[in-house]
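Working through the structure, step by step
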Amino acid sequence: MIPKIPKPRRLLTYGLGTAVMLALPQVIPNDYVLRIVIAVIIDIPLALSQNLITGFTGLLTLGQAAFYGIGAYTSAILMMKLGAPWLLALLAAGLLACIFGILLGFPCLRVGSDYLTLMTIGFGEIFHIVVLNWMALTRGPMGLPGVPAPSIGPITFSSSESKYYLYLLIAASCYLFMHRLTKSHVGRALIAIREDETAASAMGINTSRYKLLAFAFGTLWAGVSGSMLAHFLSFVGPMTFTLNESLFHMQMAILGGLGSLPGSVLGAAILVSLPQIFQPLYEYRMLLNGALMVVLMGWRPQGIMGTSAMARAAAGGVLRRLGLRRGERCDVDTDVTDQDEAVARQTSMES
Amino acid sequence: MALLQAKEITMDFGGVRAVNHVDLTIEEGMILGIIGPNGSGKTTFFNVLTGIYCPTDGQFLFDGRDITGWPPHEVTQVGIARTFQNIRLFRNMSVMENVLVGRHTRLDANLPGVLLRTRGERDVEQAARESARELLDFVGLAEREEEYAANLAYGEQRRLELARALACEPQLILLDEPTAGMNPSEASQVMGLIHDMKDLGTTIALIEHNMQVMMGTAEWIVALDAGAKIAEGTPEEIQYDEKVIQAYLGEED
């Protein structure tokens, strides 16, 4: 049976969570720690969108860093060069990332899953090379320093505390968005596609349209996240948006649990804060990071919060594709083609 | 009235002709049986009809409309649903969710409604759950709606597939060996369901190897061999048809 949290307890959990999040800056006097918490909040939409695309829909993409970057550069350039208000820059960042996501999605979602992965990696590399060389717009490797802080009308969010509340609101909106989407008929369609694409289409689901939808929303929120980063660091540079960053997004989603939204939040929290906690062991922190992933995949392949069979299935599929786990491949058309082969063999024998 | 007309349907895979100029008519409200030895093209015929493959040649007319080569989701939307020979449930979704996915095209829901969780959206969802519950009741799985599909027993999974297909509100339902691997009592339960479905006004096309089930349900039988239609008629006629007996048992020397 699928466990259901009773409503009063759920309300209590949410209420308590909200209270803690709201009180956090008052409790933490240290600006350094608060900035780490903000870094976690910025990564939450990234982990959630990776989860939407990979955990729920079953599409293994490794190009989210490019959309993160498109968002960051769009937002910074709009505000610095065109003097656009922050809110407009934020929306434009999400929208432009989404448009590129759809443009990339059209060809990508028509090919098999393994090719999709390669094409998204390729797109990430192209993006990286373009920002590195488009000196006039991005200043190439020097990046864009002095990105202004977010502001709405006369209010400027320059202190860490004000940025914390602003970004918390954005990340919470993203969470609510993903929650409602995945719990609806749209979410069911996405999960059905992950489970069995042929059967999903036989249920009347336009699979290419829904895959594109997952892609569009996933890239939209990655772009928003990019904008958040740009105005938080007040700097945008090409080295932030590499394949390593994409792998990091995937790691957050897998560690927390594919198919679990709270898991993605946890994944972001752990993977962003851990390197800071292990700062004294600077040279070894990637080693620790790697060791954590290896241990987790052996001990709990469904991720920390992925208690449901759903997360296990999502994780299993992804790990198999990454070649980390052996087992039956779950290609969509296996048994259809098997039948055709059987038919073909039979008929050729008979004739 | 003919609900579905297949005209000269041909399907080639490379040099192999899996379905060979098959003509077939399904009258509204009837139960049509399709029989044939393994590899005779029965499942391929279903796959071509439901748009998983585009036929090499020929035409499908459904309710007077030409649906040849339509993609699967459009074929379902127009009113044809199916089950699969090797059960293809959404294994890591609950029994209820599986049926709800079947209702997908019949929901009057939209994206803004979902994101704002409007009253209309909640009502649509509630109504969908209620009708899904009725279908689960119909196939005898009402008690298990919270269970994961993967955890159901084999016979239950087959019945869930039936409920999921019915959730599409089809005019025509294609059943690919619905009693395969079942024991006689499970098979007769499914036979009962098929008769109930007919009584509710659904037209049914049935592939089946279990001759007892076939003789007990089908009103008209089409026999295929090596992709071609070799005979059609009432169950009594088919039973004694020489070509059919030959196809199954081989020729006497």
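In this text the structure is predicted, and so the values were computed from the model without any measurement. (Residues numbered from 1 in each chain as written. Chains lettered and ligands numbered in written order. Predicted model: local features only at pLDDT ≥ 70, side-chain atom pairs only at ≥ 80, totals over all residues. Heavy atoms only, no water.)

1. Examining the overall build of chain B
Using the following cut-off: Only DSSP runs of H or I covering at least 4 residues are called helices, and only runs of E covering at least 2 are called strands; the numbering of each starts at the N terminus. When we talk radius of gyration, it's over C-alpha atoms, and the globule rule is simply 2.2 Å times the number of residues to the 0.38. The buried label applies to any residue whose accessible area, calculated with a 1.4 Å probe on protein chains only, is under 20% of its type's maximum; exposed applies above 50%, and partly exposed to all values in between.
A tally of regular secondary structure across chain B gives ten helices and ten strands. Computed over its C-alpha atoms, the radius of gyration of chain B comes to 19 Å, within 12% of the 18 Å expected for a compact globule of 253 residues. Its C-alpha atoms give chain B principal-axis dimensions of roughly 70 × 40 × 35 Å. Evaluated residue by residue, chain B yields a buried proportion of 53% over its 253 residues.

2. A look at helix H3 (residues 64–81) of chain A
The α-helix advances 3.6 residues per turn, and as a result positions three or four apart in sequence lie on the same side. All names here are of chain A. As a reminder of what qualifies: Multiplying one less than the number of residues by 1.5 Å gives the expected span of a helix.
The first and last C-alpha atoms of H3 sit 25 Å apart over 18 residues, in line with the 26 Å expected at 1.5 Å per residue. Where burial is concerned, most of H3 is hidden: 16 out of the 18 residues are buried. Where H3 terminates, the next one or two residues include Gly-83, which has phi positive at roughly 65 degrees.

3. Focus on the interface of chain A and chain B
Worth spelling out the cut-off: When checking whether two residues touch, look at their non-hydrogen atoms; a contact exists if any pair is within 4.5 Å. Buried area is a sum: the accessible area each of two parts loses on coming together, probed at 1.4 Å, counted once for each and added. Salt bridges are defined as contacts in which a side-chain nitrogen from Lys or Arg sits within 4 Å of a carboxyl oxygen from Asp or Glu. In this count, Pro and Cys sit with the nonpolar residues alongside Ala, Val, Leu, Ile, Met, Phe, Trp and Tyr, while Asp, Glu, Lys and Arg are called charged and the others, Gly among them, polar.
Between chain A and chain B, the residue contacts involve 43 residues of the former and 48 residues of the latter. Between chain A and chain B, a total of about 4000 Å² is buried, with carbon and sulfur atoms accounting for 60% of that surface. Counting the surface chain A buries against chain B, the share from its top three residues, Arg-180, Arg-188 and Met-203 of chain A, is 20%. At the junction of chain A with chain B, the criterion picks out two salt bridges. Residue Glu-125 of chain B pairs with Arg-188 of chain A through a salt bridge whose shortest N-O separation is 2.6 Å. Of all elements in the fold, only helix H7 (160–182), helix H8 (185–195), helix H9 (197–202), helix H10 (207–233), helix H14 (309–321) and helix H15 (334–350) of chain A reach the threshold of two or more residues within the side of chain A that touches chain B. Per element, the largest residue contribution to the side of chain A that touches chain B is nine residues, and it comes from H15 of chain A. When grouped by side-chain class, the residues that make up the side of chain A that touches chain B number 23 nonpolar, ten polar and ten charged.

4. As for the sheet that holds strand E4 (residues 57–62) of chain B
Residue and element names in this part refer to chain B. What counts here: Should DSSP find at least two bridges between two strands, the strands are regarded as paired. Axis definition: a line fitted to C-alpha atoms, limited for helices to the stretch in contact. Angles are taken between N-to-C directions and run from 0 to 180 degrees.
Taking strand neighbours across the sheet as the criterion, the four strands line up as E2-E1-E4-E5 in an open arrangement whose pairing is antiparallel. Since the sheet does not close on itself, it has two edges, and those belong to strand E2 (16–27) and strand E5 (65–66), each with one partner. Direction of pairing for strand E1 (residues 2–13) relative to E2: antiparallel, over a ladder of eight bridges. Among the inter-strand pairings, Gln-5 is bridged to a residue of E2, identified as Thr-25. The sheet strands contacting helix H1 (residues 42–49) are E1, E2 and E4, and the helix crosses E1 at an angle near 110 degrees.

5. Quick word on the nonpolar core
Within soluble globular proteins, side chains that are nonpolar tend to cluster in buried spots. Heads up, the condition is: We define the nonpolar core as a collection of buried residues of types Ala, Val, Leu, Ile, Met, Phe, Trp, Tyr and Cys that are connected through side-chain atoms lying within 4.5 Å of one another.
In this structure, Tyr-167 of chain A together with Leu-160 of chain B are the most contacted members of the largest nonpolar core, which totals 140 residues. In terms of residue count, the dominant contributor to this core is helix H2 (residues 31–56) of chain A (13 residues). Those residues in contact with Tyr-167 of chain A, other than ones at most four positions away along the chain, are Ile-38, Ile-41, Ile-42, Pro-150, Ser-227, Met-228, His-231 and Phe-232 of chain A. Grouped together as the second largest cluster of nonpolar side chains are 29 residues, Ala-6, Ile-26, Met-30 and Ile-67 of chain B included.

6. Some details on the packing of H3 of chain A against helix H4 (residues 86–108) of chain A
All names here are of chain A. Here is the rule: Crossings are sorted by hand: turned counterclockwise from the far helix by less than a right angle, the near helix makes the crossing left-handed, and turned clockwise it makes it right-handed.
In the contact formed by H3 and H4, the axes pass within 8 Å of each other and the chain directions differ by 145 degrees. Regarding H3 and H4, the two cross each other, and that crossing is right-handed. Contacts between H3 and H4 involve Phe-67, Ile-70, Gly-71, Thr-74, Ser-75, Leu-78 and Met-79 from the former and Trp-86, Ala-89, Leu-90, Ala-92, Ala-93, Leu-96, Ala-97, Phe-100, Gly-101 and Leu-104 from the latter. Considered class by class, the residues forming the contact of H3 with H4 number 13 nonpolar, four polar and no charged.

7. Digging into the packing of H3 of chain A against helix H11 (residues 243–256) of chain A
Residue and element names in this part refer to chain A. This is how the line gets drawn: For classification purposes, angles smaller than 35 degrees are called roughly parallel, those larger than 145 roughly antiparallel, those between 65 and 115 roughly perpendicular, and all remaining angles oblique.
Where H3 contacts H11, the axes come no closer than 7 Å and their chain directions differ by 110 degrees. Relative to H11, the element H3 lies roughly perpendicular. The segment H3 lies against H11, with Gln-64, Ala-65 and Tyr-68 engaging Glu-245, Ser-246 and His-249. Partitioned by chemical class, the residues of the contact of H3 with H11 number two nonpolar, three polar and one charged.

8. Some details on the sheet that holds strand E10 (residues 228–233) of chain B
Residue and element names in this part refer to chain B. Strand order in the open sheet made by the six strands is E6-E7-E8-E3-E9-E10, with mixed pairing throughout. Of all the strands in the sheet, just strand E6 (80–82) and E10 have a single pairing partner and so form its edges. Geometrically, the sheet is characterised by an average inter-axis angle of 20 degrees between neighbouring strands, direction not taken into account. Sheet analysis places strand E9 (residues 220–225) next to E10, joined by five bridges and oriented antiparallel. Residue pairing for E10: Asp-225 is matched across the bridge by Ala-228. Strand contacts of helix H6 (residues 154–166): E6 and strand E7 (172–176), with the helix running at about 160 degrees to E7, the strand carrying the most contacts.

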